[in-house]
Structures are given as structure tokens and as C-alpha cells.
Amino acid sequence: MASSSSYNSPCAACKFLRRKCMPGCIFAPYFPPEEPQKFANVHKIFGASNVTKLLNELLPHQREDAVNSLAYEAEARVRDPVYGCVGAISFLQRQVQRLQKELDAANADLIRYACNDIPTALPAPPGVSSVQPLTPRHRPADFNRRIGSEGAGGFYHPTGAFPLPYSFPWNDNSSGDINDGGGEGGM
Amino acid sequence: MNSGRCSACRYLRRRCPPDCIFSPYFPSNNPQRFVSIHRIYGASNVAKLLQQLPTHLRAEAADSLYFEAQCRVEDPVYGCVGLIFLLQQQLHNAESQLAKTQAEIAVLKSQAQHPQTQQVEAEPEFNNFLQQQLDNAADLNFSNQGSSGFM
């Protein structure tokens, strides 16, 4: 098949769709021919036209992250057709809840030690953990409709632990400097 | 049979058959639910996904698809993956805070066992000890490997 892509071969999307990969193909920068499974998953779950529409609504500098997140979700859904990424979210939420409880208990212990054992002034322990619960923005309005909750509501309860398919390519420079505890879904 | 259509068939402007794959999960009283799903996945993809599943799992699948679709509508770049990233950061912050608090407790315990050590003189040691604990906590790496605590 003749190709006009910059790689001198059709991108994975055009190869999958069996069409000519034209210059300016919207998929070509994000679906290299050496990663055929990436587009296969995205096509299976979202469909090519939906992905095209999604990408066209974004600025060019946002598209790479969008494609990577779509590929991540698609692979998660292929591996777990019932829960997809939500399985991982549920797992992480439980971990955060567990740690929150441990932190609260540790803070209570700290206060007890500080008040009972040391009469002199000490650095004031945090009375409330600064780990904030997820903002409502991240939960759809009727998300709780069918989901039973234990504690902070709206969490999924998948039957098993869900392994994350792969680490995020945009997490390589992540740091622990973000202390606001949430409020933004993006980076 | 217009009055008995599920929200999916109403949106698609078609007849709602008795064995409609959508109707148990997209009731007519919640039209927005299907709108989000259709916008992100498309009707035929969702139908295929649901048909591949045993009946008793389809409700959960429809709910999780709706959740992911809503996340993507709210955040077109990262969707629900942004939420995963946020949770990983929260987990990391909580671990750091826990390590810091446990370090403070350890210092106080140590001072309680050795009361002759004055608090004022102990402050530099306390700060050094704290810093060491914080450095250890900073070594915890959740997001890069994606494997800490995950099966």
C-alpha cells in the first residue's frame, strides 16, 4: 500500500483501517506502526470516528496525552470488560481510605504523647489530615445510584484487585510536591 | 410502542424491541446517561461490549462505562485516568504524612523514656530525625512503576 506518512509507512491506525495514510493524518503522530495493539484496543472500545472527534476538539499539544489516556482506558477495558479503569480507581480509593485511617490514628497518638508526656511546647501536630477527599467534580451526579458504599460513598467494589496495565508515560517526572490533595483531574 | 422506549432507543429514534440490550441499563427516566455513553463510545460499541458479557454482569459494566464516559466529558484530555493519577498522588502524600507523624511519635516516645533530655536542646536532633524520615518517605515511588501495592 502506498503511504505518504512521515514514517514512510502507514501509521498503525491506517494500517488497521486499511486505508492510505495521508499527510496530516490525525492518528499518525500518536499511533506509530510498531504499536499496532494500541490502536486495535482504542478502535475496539471507542471506535475510530469517536477518537477523531475527541482529538479534533482538543488543542494539538493536548492530543498526545489524550491518546495515551484513551489507550490506557481501552486496554483496561479489554482486560476487564466489566469494570475497566474503574477497578483500579476503586482499589486506589480503598488504599487512600486505609491510609487516612492510619494517619488519623497516628495523629491521635501524637496528640496523646504531646499532651500527656511532654509538658513543654512542641511543634503542633496536625489536628486534621491534609489528605483531602476527592472533590465531587470527579464523580458524576448519579454515580451512587447503583453502587453500595462503605464510608465515603460512591466507590466501586470490584471482586478482585486490578493490576494497572502499565505505568503512565507522563508520570516519569511526577513528584511528591503536590499538596493540595486534589481538585484537578488533569496535570 | 413509543411510550415504552428506553432512553437509548429514544435517543437513537428507533423502536425499542422487547429484547433491547440497552433498556435494563438506560431507563427512560435518565436520558443523560445514554447521551454521555453514546458521545464517548458510540451505541454499537456499547452494545457489543454488553453482549459479550453474561447478563448478571451487564449492570456493573454499564455503570462503569457511564462513569468513565462522564469523566471523559468533564476532562477530555485525561478522562478517568486523571483521577487515577490524582489518587496515586494522594496515596503518596498520605504515606509521607504518615511517615512524618510516626517519626514525631518516635521522638516523643524516646523523650518520654529519657526525660533528662531537654526539649530545647533536642530540637535540632528532632529536626534532623524528621528530615531523615521525610527523605525515606520521598523514596517511596508509586506512580513511576505503577506497581506499589497493585497486584
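In the block above lies the structure referred to throughout.
Below or above, wherever it landed, is the structure these notes cover. Sequence positions are assigned chain by chain, starting from 1 and proceeding in written order. Numbering of ligands from 1 and lettering of chains from A proceed in the order in which they are written. Owing to the predicted nature of the model, reporting of local features is limited to residues with pLDDT of at least 70; listing and counting of side-chain atom pairs is limited to 80 or more, with chain, interface and lining totals taken over all residues. For side-chain calculations, the full set of non-hydrogen atoms in the structure is used, while hydrogens and water are omitted.

1. Let's talk about the environment of C14(A)
All names here are of chain A. With respect to the secondary-structure elements, C14 resides in helix α1 (residues 12–17). Each residue's exposure class comes from its accessible area (1.4 Å probe, protein chains only) as a fraction of the maximum for that residue type: buried when under 20%, exposed when over 50%, partly exposed otherwise. Residue class for C14 comes out buried when judged on its relative accessible area of 1%. In this structure the C-alpha to C-alpha distance between C14 and P33, which are 19 residues apart in sequence, comes to 9.0 Å. Secondary structure elements follow DSSP: runs of H or I of four or more residues count as helices, runs of E of two or more count as strands, with numbering from the N terminus.

2. Examining the nonpolar core
Remark: nonpolar core denotes a set of buried residues (Ala, Val, Leu, Ile, Met, Phe, Trp, Tyr, Cys) joined through side-chain atoms within 4.5 Å. Residues C11(A), F27(A), F31(A), F46(A), F22(B), F26(B) and Y41(B) are the most contacted members of the largest nonpolar core, which totals 54 residues. Listing elements by their share of this core, those giving two or more residues are α1, α2 (36–45), α3 (48–56) and α4 (60–79) of chain A together with α1 (7–12), α2 (31–40), α3 (43–51) and α4 (55–74) of chain B. Tallying contributions element by element places α4(B) first for this core, with 6 residues. In what follows, a contact means two residues having at least one pair of non-hydrogen atoms within 4.5 Å. Setting aside residues up to four positions removed in sequence, F27(A) forms contacts with C11(A), A13(A), R19(A), F39(A), A48(A), V51(A) and T52(A). By size, the runner-up hydrophobic cluster in this structure holds 26 residues, among which are L103(A), A114(A), F67(B) and L86(B).

3. Remarks on the packing of aromatic side chains
Geometry of aromatic contacts follows a simple scheme: Phe, Tyr and Trp rings, the Trp one being its six-membered ring, pair when their centres are within 6.5 Å, and the pair is stacked under 30 degrees between planes, edge-to-face over 60, tilted otherwise. Per the stated rule, a full pass over the model turns up 9 aromatic pairs over all chains. Aromatic side chains F46(A) and Y41(B) sit 5.3 Å apart centroid to centroid with 10 degrees between the ring planes, which places their arrangement in the stacked category. Linking F46(A) in the loop between α2 and α3 with Y41(B) in the loop between α2 and α3, this pair reaches from one chain into another. No difference in accessibility class separates F46(A) from Y41(B), as the two residues are buried. Through successive ring pairs, a cluster of aromatic residues spans F16(A), F27(A), F31(A) and F39(A). Our definition puts a charge over a ring when NZ of Lys or CZ of Arg is within 6 Å of the ring centre and also within 35 degrees of the ring normal. The lysine or arginine in question, K38(A), covers the ring of F31(A), its NZ or CZ lying 5.6 Å from the ring centre. For the cation-ring pair, R33(B) lies above F26(B), with the distance from its terminal atom to the ring centre recorded as 5.4 Å.

4. Considering α2(A)
Residues lying three or four places apart along an α-helix face the same way, a consequence of the helix completing one turn every 3.6 residues. For α2(A), the full list of buried residues reads K38(A), F39(A), A40(A), N41(A), V42(A) and I45(A). Just downstream of α2(A) lies G47(A), where phi reads positive at about 90 degrees.

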